[in-house]
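# Report on the structure
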Amino acid sequence: MEAPIRLEKSNRIGKITLNRPEKRNAMSPELVEGMLGVLDDLESDKDVKVVIIAAEGKAFCAGADLAYLQQMQSFTPEENLADSQRLMSLFDRIYSFPKPVVAQVQGHALAGGCGLVTVCDFAFTAPEALFGYTEVKIGFIPALVSVFLQEQIGAAKTQELLLSGELISAQKAAELGIVTSVVEAEFLEKEVQSFAQKLIENNSGHAMTTTKALLRSLHQEERQKKLEEAAVLNAKSRSHSDCVKGISAFLNKEKPSW
């Protein structure tokens, strides 16, 4: 069985590829742990100056692995909280990573997958990709991403996206500031590589690291507190009857009756 992520290094770029195409790159515990591990590797590697997060297959990332989420509904509150905190650690790790992180979004980024794009510094997307924080549609809550998204695009737009759970186009995501640029699919990889090389050749690594640390230091204590509260809410919501019903309906390809 292939590893859920792949790591390649070349030309001072560390490329992380989500490698569960048969599951639309859903975020399993193994994928989350794998990403945390390679991020540690990339941080300590002095030859790597920029990180790219890409994905195999048609979807960038469909969010949480729903079969695993269904399994976790029978876990203890402590087990659910620990799992929620691991995802919090991943999002926070990318958001605060000392090197620029660029998302290469070739397909749909939904729920936690859209959260993954949100915490990257830059995101380039194919025009066909759809984005959405769709958790409310299955009785779940977009708790962790709410903290980062409000900081990036403001409260009003965050509320609109998270409460509606609606899908938006790549162009709309760019207009809102969730993604940096929309690039035709056939040129996407080349454009991301070219952009990464510009950062590498034109910018001081120390200056980029220090600038990002400065930006992240704003509201840092409040952000950390809110993330910890969000992790608790995330864990609690998994055992709520609405979430149980919503995930069951989704896995059975039915529409839940709210």
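See the structure shown above.
Residues numbered from 1 in each chain as written. Predicted model: local features only at pLDDT ≥ 70, side-chain atom pairs only at ≥ 80, totals over all residues. Heavy atoms only, no water.

Turning next to the overall build of the protein. From N to C terminus, the protein includes eleven helices and nine strands. For a compact globule of 258 residues, the expected C-alpha radius of gyration is about 18 Å, and the protein comes in at 18 Å, within 12% of that figure. For the protein, the spread of C-alpha atoms along the three principal axes comes to 55 × 40 × 40 Å. Looking at the protein as shown, the accessible area adds up to about 12,600 Å², and 53% of this sits on carbon and sulfur atoms. Averaging the positions of the 28 positive and the 34 negative side-chain charges in the protein gives two centres separated by 2 Å. (Helix = DSSP H or I, 4+ residues; strand = E, 2+ residues; numbered from the N terminus. Rg over C-alpha atoms; globule rule 2.2 N^0.38 Å. Areas by Shrake-Rupley, 256 points an atom, 1.4 Å probe, with all protein chains shown as cover. Lys, Arg positive; Asp, Glu negative; His and termini not counted. Charge placed at Lys NZ, Arg CZ, Asp CG, Glu CD.)

Before going further, it helps to spend a moment on the packing of aromatic side chains. Following the criterion strictly, the structure yields five aromatic pairs and no others. Judged by centre distance (6.5 Å) and plane angle (90 degrees), the rings of tyrosine 68 and phenylalanine 75 are edge-to-face. Classification of phenylalanine 75 as partly exposed rests on a relative accessible area of 27%. On the numbers, 4.8 Å between centres and 65 degrees between planes, the contact of tyrosine 95 with phenylalanine 148 is edge-to-face. One end of the pair, tyrosine 95, is in helix 3 (residues 77-95); the other, phenylalanine 148, is in helix 5 (residues 143-153), and 53 residues separate them in sequence. Like tyrosine 95, the residue phenylalanine 148 is buried in the burial classification. Three or more aromatic residues joined by ring pairs make a cluster, and in this case those are Phe91, Tyr95 and Phe148. Across the ring face of tyrosine 95, the terminal group of arginine 216 is positioned such that the distance to the ring centre comes to 3.8 Å. (Phe/Tyr/Trp six-rings, centres within 6.5 Å; stacked < 30°, edge-to-face > 60°. Buried < 20%, exposed > 50% of the residue type's maximum accessible area, 1.4 Å probe, protein only. Lys NZ or Arg CZ within 6 Å of the ring centre and 35° of its normal.)

What follows is about the pairing of strand 6 (residues 122-125). Where strand 4 (residues 101-105) lies against strand 6, four bridges are found, and the strand directions are parallel. In the strand pairing of strand 6, alanine 103 is matched with alanine 123. In this structure, strand 6 lies alongside strand 9 (residues 181-182), joined through two bridges in parallel fashion. If you follow phenylalanine 124 over to strand 9, its bridge partner there is serine 181. (Pairing = 2+ DSSP bridges.)

Our next topic: the pattern of salt bridges. Enumeration according to the criterion identifies 15 salt bridges in this entry. Here aspartate 65 and arginine 20 are joined by a salt bridge, their closest N and O atoms 3.0 Å apart. Of the two residues, aspartate 65 sits in the loop between strand 3 (50-55) and helix 2 (66-72) while arginine 20 sits in the loop between strand 2 (13-18) and helix 1 (29-44), which places them 45 residues apart along the sequence. Its relative accessible area of 12% is what places arginine 20 among the buried residues. A salt bridge links lysine 157 to glutamate 160; the nearest nitrogen and oxygen atoms lie 3.4 Å apart. In this pair, lysine 157 and glutamate 160 are both assigned in helix 6 (residues 155-164), three residues apart and thus about one turn of the helix distant. Residue classification places lysine 157 among the partly exposed positions, given a relative accessible area of 35%. Since its relative accessible area comes to 42%, glutamate 160 is described here as partly exposed. A cluster of three or more residues bridged by salt bridges with shared partners is formed by Lys9, Asp41 and Asp45. (Salt bridge = Lys/Arg side-chain N within 4 Å of Asp/Glu carboxyl O.)

One open sheet accounts for six strands, arranged 1-2-3-4-6-9; its pairing is mixed. At either margin of the open sheet sits one strand with a lone partner, and together these are strand 1 (5-10) and strand 9. Here strand 1 runs beside strand 2; their pairing, made up of six bridges, is antiparallel. Of the residues in strand 2, the one forming a bridge with leucine 7 is isoleucine 16. Packed on one face of the sheet, helix 8 (residues 185-202) meets strand 2, strand 3, strand 4 and strand 6 and runs near 155 degrees to strand 6. (Contact = heavy atoms within 4.5 Å. Axes fitted to C-alpha atoms, helices over the stretch in contact; angles between N-to-C directions.)

Between its first and last C-alpha atoms helix 3 spans 27 Å; for 19 residues at 1.5 Å apiece the expected length is 27 Å, and the two agree. Burial in helix 3 covers these residues: Asn80, Asp83, Ser84, Leu87, Met88, Leu90, Phe91, Asp92, Arg93, Ile94 and Tyr95. (Expected span 1.5 Å × (residues − 1).)

Quick look at the nonpolar core now. Buried together is how nonpolar side chains tend to be arranged in soluble globular proteins. Within the largest apolar cluster, 55 residues are counted, with the highest numbers of intra-cluster contacts made by Ile16, Met35, Phe60, Ile94, Phe131 and Ile178. The next biggest cluster of nonpolar side chains, apart from the first, holds 14 residues, and it includes Ile13, Val50, Ala126 and Phe195. (Core = buried A, V, L, I, M, F, W, Y, C linked by side-chain atoms within 4.5 Å.)

A few words now on the layout of surface pockets. Over the atoms rolls a probe the size of a water molecule, and its path tells where empty space is left. In this structure, the largest pocket occupies an estimated 840 Å³ of space. Lining the largest pocket are 40 residues, and of these Ala62, Gly63, Ala64, Asp65 and Leu66 lie nearest its centre. Looking at the lining of the largest pocket, the elements that each hand over two or more residues are helix 1, helix 2, helix 3, helix 4 (112-118), helix 5, helix 10 (220-238) and helix 11 (241-251). A class-by-class count of the residues in the lining of the largest pocket yields 24 nonpolar, seven polar and nine charged. Counted as a void, the second largest pocket has a volume near 250 Å³. Ala143, Ser146, Val147, Gln150, Glu151, His219, Glu222, Arg223, Lys226, Glu229, Ala230 and Leu233 are the residues that line the second largest pocket. Every element with two or more residues in the lining of the second largest pocket is listed here: helix 5 and helix 10. At six residues, the largest contribution of residues to the lining of the second largest pocket is made by helix 10. (1 Å grid on protein atoms, 1.4 Å probe; cavity = no way out; pocket = protein on both sides within 12 Å on 5 of 7 lines; lining within 4 Å. Points joined across faces, edges and corners; volume = space filled by probe spheres on them. Nonpolar A, V, L, I, M, F, W, Y, C, P; charged D, E, K, R; others polar.)

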